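Close look at the chain arrangement
Take a look at the letters that make up each chain.
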Amino acid sequence: MDITGQKYFTTIDFVLFALLLVASMAIGLYYALSGGRQRTTQEFLLADRKMKCLPLSLSLMASFQSAVAIIGTPAEVYTNGTQYWFIGCSYILGLLIPAHIFIPVFYRLHLTSAYQYLELRFCKTVRICGTVTFIFQMVIYMGVGIYTPALALNAVTGFHLWGAVLATGLVCTVYTTLGGLKAVIWTDVFQTLVMFAGQLAVIIVGVQQVGGLSDFWRKVTEGDRISSIDLNPDPTVRHTFWTLALGGVFLMLSLYGVNQAQVQRYLSSRTEKEAIMSCYMVFPCLQIALGLSCLMGLVMFACYGDNSPLNKQYITSKDQMVLYFVMDMLQDFPGLPGLFVACLFSASLSTISSAFNSLATVTMEDLIKPHCPSMTEARATQLSKILAFSCGIVCLAVAYVVHLMNSSVLQAALSIFGMVGGPLLGLFCLGIFFPWANSTGAVTGLVAGLVMAFWVGIGGFVTQMSSGVTVHSQNCTGTVATENITMTSILTPVTDKPSKSVGLHGLYSLSYMWYSALNSSVVVLVGLIVSVLTGPMKEQDLTRGTVYPLKEKIQLYLQILMKPKLCLGSSPEPRQTVTCHEQMNGVANTEKRTDMEEERETFLPLSQTSYLEQETSV
């Protein structure tokens, strides 16, 4: 191994990288010139609500499978072992709850933007607050998401920094603007396959380089990189089973429950059942992505052991480690480094395109349409495309701003994404689960949650920097994804265990995995207290279908569990009833339902009548 010089791409590596960009562009052009040719907002923003569950599930996974995760998770496993793998346990509740609570609520209200729900449940002010918070979150996310992998690639290979940024940014902007959500989803499918292929190829070749599976396993076990379950309940310990499996649930909910990029995909499915099924199918996809990332980290350790290139100062940060490994160990395999870089930038393209499309949607639906009720469909579609293109330009501008920052400010920028997700989750939970919560409580709760988020996150970051000690409050590099999909402190993993923290320092030392739980809980608690003090919302003032009947559901399930089984005879056949309701695509359909199905779904309107006509304009 040559570990002293900078590595360089061969011609075939450049060709593979270029093919990725060309294929992504081609998909966008295909959907721009086929079907309805993106002539309506329904097609451009929601793919005509005709997407099937398989491409949706792959797109849901790819949307937050950021490039930072692909280079960050293996570095975490290389340094601290496989404890991080237990984040996979959080995927169970983190996907079941959205599938059976959030998706039915949003889908049956016939929404386009998730923040339309906030106006139906509360008022226009709450909707605007949620929308502005989301836009702030995603704008920062876009620039950091596209710049960080390009910077790592430049540092290790000499690949032109702004060449990579501009190539990915412009290609992503073009296919998102031309092809709409259909192009975004199908490019996500293609890019997901490239991601898996790139990681799998590196793992297979890496295992062969270390002498086969037996030698690989011996080295990682002798190096103590196969972690056992850490059941330490201390919330200030960075990674334990509880912080990952329980704290991760709230992180998952903030992404797969209420994030516009994911909600928009649920709403684009043909039926509610397919939307729920796509959420189920995300689970194995996420587990595969997590498993591949962890295996890459173990392969890196088997190759390098404790002789890290970072310790030898061949690289300057841990986020360069994976790329250095690929260029170093696999340099004798032409095309393989190029395949992995294509994998890396596939992750970047999928996340950025999701950000563009979701930002264009919320800007159009939440900030422009309510003030321009007479806007024609053609004009609205044209404006949506302009917004998508503008998001691309803003992304490149933010990337340039990130380029001007030093590393500590960059880490703070990464933190903001994770800090904002929790309060938004709390705002939606306040509306869905607590019928007495009012608009004043919602706004006050959101502000309190954001204050808590920035106080704890930035406070911990400043404390760490002023002390000059690398502690677990590196937590502040907040999460950007589903935690095998994170833009977290895994970029600078920590091995030292901190001393017991008390008082404010203990709060600042809270593991970043609990940030979403803390911040969303603050929103709910403050929102409920303020609602009670200012006068709870009356039941008759609630828009039907905006509150999930949690109490009734629990009582129903308890009755089913406690109901004695019939010992003799056959149970009577359920009475069939016929209900007619209009499907999301406007076609009337008659369905037969059993009594149990009716009882299970009465909390939401069976008709697909849109409630958005109740929106008001300022």
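Every residue gets a number counted from 1 within its own chain, in the order that chain's sequence is written. Reporting of local features is limited, given that this is a predicted model, to residues whose pLDDT is at least 70; pairs of side-chain atoms are given and counted only at 80 or more, and all residues count toward the totals for whole chains, interfaces and linings. To get the side-chain values, take all heavy atoms of the structure and skip hydrogens and water.

A short note on the overall build of the protein
- Where helices and strands are cited, they refer to DSSP runs of H or I of at least four residues and of E of at least two residues respectively, numbered from the N terminus. Looking only at helices and strands, the protein has 22 helices and two strands in total.
- The buried label goes to any residue with under 20% of its type's maximum accessible area, the exposed label to any with over 50%, and the partly exposed label to all in between, with areas taken from a 1.4 Å probe on protein chains only. By the burial criterion, 61% of the 618 residues in the protein qualify as buried.
- Long-range pairs, those at least 24 residues apart, make up 84% of the contacts in the protein with a sequence separation of at least 6.
- Put simply, the protein shows about 24000 Å² of open surface, and 65% of that area lies on carbon and sulfur atoms. Whether two residues touch is decided by their heavy atoms; if any such pair falls within 4.5 Å, the residues are in contact. For the area figures, the Shrake-Rupley method with a 1.4 Å probe applies, and any residue is considered shielded solely by the protein chains shown.

Examining unusual backbone geometry
- Positive phi outside glycine occurs at Asp48, with the angle close to 60 degrees.
- Examined against the element boundaries, Asp48 turns out to sit in the loop between helix H2 (41-46) and helix H3 (53-63).
- For Asp48, a relative accessible area of 21% gives the class partly exposed.
- Positive phi is not limited to glycine here, since Asp224 has a value of about 60 degrees.
- Relative to the helices and strands, Asp224 resides in the loop between helix H9 (213-222) and helix H10 (241-245).

Here's the deal with the packing of aromatic side chains
- Note on aromatic contacts: the rings of Phe and Tyr and the six-membered ring of Trp form a pair at centre separations within 6.5 Å, being stacked when their planes are under 30 degrees apart, edge-to-face when over 60 apart, and tilted otherwise. Applying the stated criterion across every chain yields a total of 17 aromatic pairs.
- Geometrically, the ring pair formed by Tyr147 and Trp162 is tilted, given 6.2 Å between the ring centres and 45 degrees between the ring planes. Linking Tyr147 in helix H7 (residues 124-157) with Trp162 in helix H8 (residues 161-209), this pair joins segments that are 15 residues apart in sequence.
- Judged by relative accessible area, which is 4%, Tyr147 ranks as buried.
- Judged by centre distance (6.0 Å) and plane angle (80 degrees), the ring pair of Tyr304 and Phe325 falls under edge-to-face. You can see Tyr304 sitting in helix H13 (residues 272-304) and its partner Phe325 sitting in helix H14 (residues 321-329), a full 21 residues away along the chain.
- Three or more aromatic residues joined by ring pairs make a cluster, and in this case those are Phe102, Phe106, Tyr115, Tyr117, Phe134 and Phe428.

Describing H14
- The buried fraction of H14 amounts to nine of the nine residues, a majority that puts the element mostly inside the structure.
- Of the positions making up H14, those classed as buried are Met321, Val322, Leu323, Tyr324, Phe325, Val326, Met327, Asp328 and Met329.
- Against helix H4 (67-80), H7, H8, H13 and helix H15 (336-368) lie the buried residues of H14.

Quick notes on the environment of Leu29
- In this fold, Leu29 is placed in helix H1 (residues 11-33).
- Its relative accessible area of 39% is what places Leu29 among the partly exposed residues.
- Separated by 154 residues in sequence, Leu29 and Ala183 have C-alpha atoms that sit 8.2 Å apart.

As for the nonpolar core
- Remark: nonpolar core denotes a set of buried residues (Ala, Val, Leu, Ile, Met, Phe, Trp, Tyr, Cys) joined through side-chain atoms within 4.5 Å. Judged by nonpolar contacts, the single largest core of 155 residues is most densely connected at Phe106, Tyr117, Tyr256, Phe325, Phe340 and Phe345.
- Among the elements that line this core, the one with the most residues is H13, at 18 residues.
- Setting aside anything within four residues of it in sequence, one finds Tyr117 in contact with Val105, Phe106, Leu109, Leu111, Phe428, Gly431, Ile432 and Thr546.
- Membership of the second largest hydrophobic core comes to nine residues, among which are Phe44, Ala360, Met364 and Ala388.

Notes on the state of the cysteines
- Here, the term disulfide refers to a pair of cysteine sulfur atoms separated by no more than 2.5 Å. Applying the stated rule across the entire model yields zero disulfides.
- As a non-bridged cysteine, Cys391 has Cys395 as the owner of its nearest cysteine sulfur, 9.2 Å distant.
- According to the relative accessible area criterion, Cys391 is buried, its value standing at 11%.

Details of the pattern of salt bridges
- By salt bridge we mean one thing: a side-chain nitrogen of Lys or Arg within 4 Å of a carboxyl oxygen of Asp or Glu. For the structure on display, the rule yields twelve salt bridges.
- The partner of Asp188 in a salt bridge is Arg265, and the shortest N-O contact between them spans 3.3 Å. With Asp188 in helix H8 and Arg265 in helix H12 (residues 260-267), this pair connects stretches of sequence that are 77 residues apart.
- Since its relative accessible area comes to 1%, Arg265 is described here as buried.
- Linking Arg218 and Asp215 is a salt bridge whose minimum nitrogen-to-oxygen distance equals 3.8 Å.

A closer look at a nonpolar patch on the surface
- Patch rule: a residue counts if its relative accessible area is over 30% and it has no salt bridge; like charges are joined within 9 Å, and nonpolar side chains (Val, Leu, Ile, Met, Phe, Trp, Tyr) within 5 Å. Taken together, the side chains of Ile92, Leu93, Leu96, Met277 and Tyr280 define a hydrophobic patch exposed on the protein surface, amounting to about 420 Å² of accessible area.
- Of all the elements, helix H5 (residues 90-108) adds the most residues to the nonpolar patch, at three residues.
- Position of Leu96 among the secondary structure elements: in helix H5.

Side note on the packing of H15 against helix H16 (residues 377-404)
- Here an axis means a line fitted to C-alpha atoms, over the contact stretch when the element is a helix, while the angle between two N-to-C directions is reported on a 0 to 180 degree scale. Running from N to C, H15 and H16 cross one another at 130 degrees; their axes reach a closest spacing of 9 Å. One element, H15, and the other, H16, form an angle in the oblique class. Both H15 and H16 take part in a crossing whose hand is right-handed. Between H15 and H16, the contacting residues are Ile352, Phe356, Leu359, Ala360, Thr363, Met364 and Ile368 on the first element and Ala380, Leu383, Ser384, Leu387, Ala388, Cys391, Gly392 and Cys395 on the second.
- Put simply, Ala, Val, Leu, Ile, Met, Phe, Trp, Tyr, Cys and Pro go in the nonpolar bin, Asp, Glu, Lys and Arg in the charged bin, and everything else, Gly too, in the polar bin. Residues belonging to the contact of H15 with H16 are distributed by class as follows: twelve nonpolar, three polar and no charged. Orientation categories follow fixed angle ranges, with anything under 35 degrees roughly parallel, anything over 145 roughly antiparallel, 65 to 115 roughly perpendicular, and all other angles oblique. Helix crossings get a hand from a simple test, with the near helix turned counterclockwise from the far one by less than a right angle marking a left-handed crossing and a clockwise turn marking a right-handed one.

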